[in-house]
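# Chain and residue survey
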Amino acid sequence: MNALLDNLNPEQHAAVTLPPEPALILAGAGSGKTRVLTTRIAWLIQTGQVAPHSLLAVTFTNKAAKEMLTRLSAMLPINTRGMWVGTFHGLCNRLLRAHHRDAGLPQTFQILDSSDQLSALKRMLKALNIDDEKYPPKQLQYFINNAKECGLRAKDVEANDDFNRKFVELYALYDEQCQREGVVDFPELLLRCYELLDRNQILREHYQARFRHILVDEFQDTNSLQYAWLKLLANYGKQPTNALFAVGDDDQSIYAFRGANVANMEKFEREFRVRHHIKLEQNYRSHGHILEAANTLIRQNSRRLGKNLWTASGEGEPLRVYEAPTDMLEAQWLVEEIKNLIAEGYSREEIAVLYRSNAQSRVLEHALFSAMIPYKVYGGLRFFERAEIKHALAYLRLIENKDDDTAFLRVVNFPTRGIGARTLEQLQDTARTYNQSLYASVPMIAGKAGSNLTAFVNLIEQMRFAAQGLTLPEVIEQVIHQSTLITHYQNEKEGQDRVDNLQELVNAATAFISEEGLAQDTGATTSLVLNDTSAESAPNVAPSTPLANFLAHAALEAGDNQAAEGTPAVQLMTVHAAKGLEFNAVFLTGLEEGLFPHENSLVELDGVEEERRLMYVAITRARKRLYMSLAQSRMLFGQTRYSVKSRFLEELPENTLKWLTPKVQALGSNWSYGASAQSNFGGSNGQYGKKDRAWDEAWDKQDNAQTAAASAKIRQKQGEHASGFRIGQAVFHTKFGEGVILELEGQGADARAQIKFRRHGNKWLALGIAKLTAI
DNA sequence: TGTACGCCTGTTTTT
DNA sequence: CAGGCGTACA
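Residues numbered from 1 in each chain as written. Chains lettered and ligands numbered in written order. Predicted model: local features only at pLDDT ≥ 70, side-chain atom pairs only at ≥ 80, totals over all residues. Heavy atoms only, no water.

### Focus on the protein's contact with DNA strand B
- Around DNA strand B there are 26 residues in total, and Asn62, Ser114, Arg356, Thr574 and Glu604 lie nearest to it.
- For DNA strand B, the fraction of protein-proximal atoms (within 4 Å) that sit in sugar or phosphate groups is 53%.
- Take histidine 89: an N or O atom from its side chain is 3.4 Å from a base oxygen of DNA strand B.
- Contact between DNA strand B and asparagine 358: a phosphate oxygen at 2.9 Å from a main-chain N or O atom of the residue. (Near = heavy atom within 4 Å. Polar contact = N/O pair within 3.5 Å; in protein donor to acceptor, adjacent residues only side chain to side chain.)

### Details of the UniProt feature "binding site: ATP" (unreviewed entry) in chain A
- On the UniProt side, "binding site: ATP" (unreviewed entry) is annotated at positions that read Ala27, Gly28, Ala29, Gly30, Ser31, Gly32, Lys33 and Thr34 here.
- According to the relative accessible area criterion, glycine 28 is buried, its value standing at 3%.
- Among all residues touching glycine 28, those that are not within four sequence positions of it are Asp249, Gln252, Leu280, Lys307 and Leu309.
- Mapped onto the secondary structure, lysine 33 falls in helix H2 (residues 33-46).
- Classification of lysine 33 by relative accessible area gives buried; the value is 18%. (UniProt positions renumbered as here; feature names shortened; annotations may be inferred. Buried < 20%, exposed > 50% of the residue type's maximum accessible area, 1.4 Å probe, protein only. Contact = heavy atoms within 4.5 Å. Helix = DSSP H or I, 4+ residues; strand = E, 2+ residues; numbered from the N terminus.)

### Quick look at the domain arrangement of chain A
- According to the domain assignment, chain A consists of domain 1 (10-102 + 189-280), domain 2 (110-181), domain 3 (310-374 + 561-659), domain 4 (384-526 + 543-554) and domain 5 (729-774).
- If you average the C-alpha positions of domain 2 and of domain 4, the two centres end up 26 Å apart.
- The partner domain 4 presents 15 residues to the 12 residues of domain 2 that form the contact.
- Between domain 2 and domain 4, roughly 1200 Å² of surface is buried when both sides are summed, and carbon and sulfur atoms account for 41% of that area.
- Three residues, Gln110, Arg123 and Glu181, lead the burial of domain 2 against domain 4; their summed loss comes to 50% of the area buried on that side.
- The tally of links from domain 2 across to domain 4 stands at three salt bridges. (Domains from an automatic or database assignment. Buried area = accessible area lost by both parts, 1.4 Å probe. Salt bridge = Lys/Arg side-chain N within 4 Å of Asp/Glu carboxyl O.)

### Things to note about the packing of helix H15 (residues 387-400) against helix H20 (residues 472-482)
- Where H15 contacts H20, the two axes come as close as 10 Å, and the packing angle between them is 115°. The angle between the axes of H15 and H20 places the two elements in the roughly perpendicular class. In terms of crossing hand, the pair formed by H15 and H20 is right-handed. Side by side, H15 and H20 meet where Ala392, Tyr395, Leu396 and Ile399 of the first sit next to Val475, Ile476, Val479 and Ile480 of the second.
- Of the residues contributing to the contact of H15 with H20, the split by class is eight nonpolar, no polar and no charged. (Axes fitted to C-alpha atoms, helices over the stretch in contact; angles between N-to-C directions. Parallel < 35°, antiparallel > 145°, perpendicular 65-115°, else oblique. Left-handed = near helix turned anticlockwise from the far one by under 90°. Nonpolar A, V, L, I, M, F, W, Y, C, P; charged D, E, K, R; others polar.)

### Considerations on the pairing of strand S1 (residues 23-27)
- In terms of residue burial, S1 counts as a mostly covered element, since five of its five residues are buried.
- Alternating positions in S1 separate into two faces, Ala23, Ile25 and Ala27 on one and Leu24 and Leu26 on the other, with burial throughout.
- Bridge analysis of S1 against strand S8 (residues 276-280) gives five bridges, and the strand direction is parallel. Within the sheet, the bridge partner assigned to alanine 23 lies in S8 and is histidine 276.
- Taken together, the four bridges between S1 and strand S7 (residues 243-248) define a ladder with parallel strand orientation. Opposite leucine 24, over in S7, you have alanine 246 as the bridge partner. (Pairing = 2+ DSSP bridges.)

### Section: the pattern of salt bridges
- The tally for this structure, following the rule as stated, stands at 48 salt bridges.
- Two residues, glutamate 67 and arginine 71, come together in a salt bridge whose shortest N-O distance is 2.8 Å. You can see glutamate 67 and its partner arginine 71 sitting in helix H3 (residues 62-75), four residues apart, about one turn around the helix.
- The salt bridge involving glutamate 188 is made with arginine 192; its shortest N-O contact spans 2.9 Å. Remark: arginine 192 and glutamate 188 occur in helix H8 (residues 186-199); sequence separation between them is four residues, near one turn of the helix.
- The class of glutamate 188 is buried, set by a relative accessible area of 5%.
- With relative accessibility at 14%, the residue arginine 192 sits in the buried group.
- Beyond isolated ion pairs, a larger network of salt bridges with shared partners links Lys148, Arg153, Asp175, Asp185, Glu188, Arg192, Glu195 and Arg199.

### Some words on the nonpolar core
- Membership of the largest hydrophobic core comes to 64 residues, with the highest contact counts inside it found for Leu56, Ile214, Trp229, Leu230 and Phe268.
- Of the residues forming this core, the biggest block, seven residues, is contributed by helix H7 (residues 162-181).
- Counting the residues that make up this core, at least three belong to each of domain 1 (10-102 + 189-280) and domain 2 (110-181).
- Residues within four places of phenylalanine 268 in sequence aside, it is in contact with Pro22, Ala23, Leu24, Phe219, Tyr227, Leu244, Ala246, Arg273 and Val274.
- Counting residues in each nonpolar core, the second largest holds 49 residues, with Ile445, Ala449, Val475 and Val506 among its members. (Core = buried A, V, L, I, M, F, W, Y, C linked by side-chain atoms within 4.5 Å.)

### Quick notes on the pairing of strand S15 (residues 639-642)
- Taking every second residue as pointing to the same face, the buried face of S15 carries Thr640 and Tyr642, while none of Gln639 and Arg641 on the other face is buried.
- The pairing of strand S14 (residues 622-636) with S15 spans four bridges and is classified as antiparallel. Bridge pairing links leucine 636 to glutamine 639 in S15.
- Linking S14 to S15, which pair antiparallel, is a turn of two residues; within it phenylalanine 637 sits at a positive phi near 55°.

### Considering the side chain of arginine 621
- When you line up the elements, arginine 621 lands in the loop between helix H25 (607-619) and S14.
- Glutamate 582 is the oppositely charged side chain nearest to the buried, salt-bridge-free arginine 621, at an N-O distance of 6.5 Å.
- Of the polar contacts made by the side chain of arginine 621, one reaches the backbone oxygen of leucine 581; its length is 2.9 Å.
- Here the side chain of arginine 621 touches valine 617 through a polar contact of 2.7 Å, landing on its backbone oxygen. (Lys, Arg positive; Asp, Glu negative; His and termini not counted.)

### Here we look at helix H6 (residues 137-149)
- With 13 residues, H6 should cover 18 Å at 1.5 Å per step; its first-to-last C-alpha distance of 18 Å lies within 8% of that length.
- When we look at burial in H6, the residues that qualify are Pro137, Gln139, Leu140, Gln141, Phe143, Ile144, Asn145, Ala147 and Lys148.
- Glycine 151 lies just past H6 and shows a positive phi near 80°. (Expected span 1.5 Å × (residues − 1).)

### With respect to unusual backbone geometry
- With an omega dihedral of -10°, the bond running from phenylalanine 414 to proline 415 counts as a cis peptide bond.
- With omega at 5°, the peptide bond leading from phenylalanine 596 into proline 597 counts as cis.
- You can see proline 597 is positioned in the loop between strand S13 (583-588) and H25.
- Its identity is not glycine, yet asparagine 129 carries a phi of approximately 60°, on the positive side.
- Looking at the element boundaries, asparagine 129 is found in the loop between helix H5 (114-127) and H6.
- A positive phi angle, close to 45°, is found at arginine 273, a residue other than glycine.
- Along the polypeptide, arginine 273 turns up in the loop between helix H11 (263-271) and S8.

Next up, the structure:
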């Protein structure tokens, strides 16, 4: 028999060997989802049903794509390089590069990441003299991306009021600006690629004929545009339909807030008339109690596709629950337990500390630091997002594409070369008048300002010239020196890290070149489209340069959040970041109402259900041991907040839990030991910085007086305002939509409310004037 | 051109 | 409380 299929359970086996027809695999947490996906690919190839380049596999993250390729090459003796395995964005980029002319893009189009996009929008609003208080750039960005993710161009968006009409108008102008500059934002990669295939029959039919098998990971996370894209490639509606093999778990859909649409699973079943449904319900990860708790919890959600995980391993240990009086004591308890775990033989990297929001990590870090337990926090700035790296990349982008105004503005005066705000204003005016890029407008500026600008342009030209015949790492080396970026940071007090990072960029380029197997020469002559052109039988395939590929790589894969480090460390991260990972021991902290479920979710449509799925994801990360904890009071935004335990704790079956503290009712009757909530983390070892001491002091201030005051405030806030509204109430406004009342003040005609609107931010509105309805 | 101060905000995040 | 951002000023 086929060795690939050894050791698969019956459902996994069935999924792997399904006939080439649409299929939906409902894969529970820890049920071997990635294994099924990769084994199916290997099986399809090995049995000769599909050639490696005729198969498309899509994931959401680069990490998942890499994992798939690694496993694949371990299963099959094939070169995975030419395979179409990647993220939606990565694959779309590849198609757009190959067919840039048909897509209406310059060969050298650059990719804007979210922050580049935001600065492009700010720049546009400024140029148009638009009040960014009235039309906040962030909101505009959200509006545009949202529209694009629904597959809508500006002309397709319906606007019912002046505000939205303005946004639509700005959306159109923004797209024009991007086109002029030869740049493409993230959602544009997808939309542009969709439109390319939709409009170009020859290309569409070529790729439809080619990708007989399309496999999608984390299908529950797809948005509308991604679904439409898949539908197009699967040749939906015609015969024959390509085999779309979708793997997902509706219970792990935790990204609705960024446009993911779980309904795509049902839509897929319906529209593709899916006949093959397979549920992977055997969990190979967690012990029985952990799984039982997760199952019981998720059963509270309505509208599930329905699935119940089971395990062949025993019940295991109960879930330990701890209720601490304060967040500091919660952290301290956690440290003690971690010490015990380590003493029991758990290694540090097998212990994860999870929390709902990043702000919670501070107090935990502080406690771990004091106890000298090595830890690593995930999240935060990533390599390619660092300012110095973005500066270096901006020079490279200008070498590649002179019209990239975002890159131009980023470095035209960095390091400073006497080009001030008024010069740039003048330049931007000229550019607008002649409808051309800033770079192209430089020769039209006269005087001293003009000569400074010319010097900058000459520098770029010189770099471009020198780049010919150099390898990519050599080009970068040249750029960071000639631009004087290196010298600039060397002269800065705290600049050494940045200098190191710039050097690291050169290394990253070297690694990139060898990984991709790209030609060593940056010349735009014969180098390859990512990997093999030989298999690219598509019409009009354009070549691409290593520099272009590297820049795309930098934008599409921002790199690790934190540099790798030697010592094994306890892992700290948000629950979102933990998705897809597993640990022997997991601490799930901050299980308080308002924090988890997050208070903002309470007023969102299906918000609590998404939070519950998040809790489900959190629980199912644990293999052997799960701790859950909460704090009755917590320092948040410089204020002490008091909360009751999370409803999710109440939803877990009592028989799976072991309370380490007496089960109490929290706030009020039991608040007697708050006074003893003193910090004993004081800066004893002298290693703390200013910040640490400030925290200590802040914490030490907690006392009964504050407790009483805060409790009173909570009671007052919960009371009803004379207007009939109350804090925390969900309201609807005809113009701003849904929101929540944050503050209420004044009486009668002066009564005002501060409302946090979902789409329009915080606003103070006069209750006598604004038409607010309670919802 | 750089710094200082004051205001505001404060979930989750990949590409 | 604290970091980010934007304006005002030297």
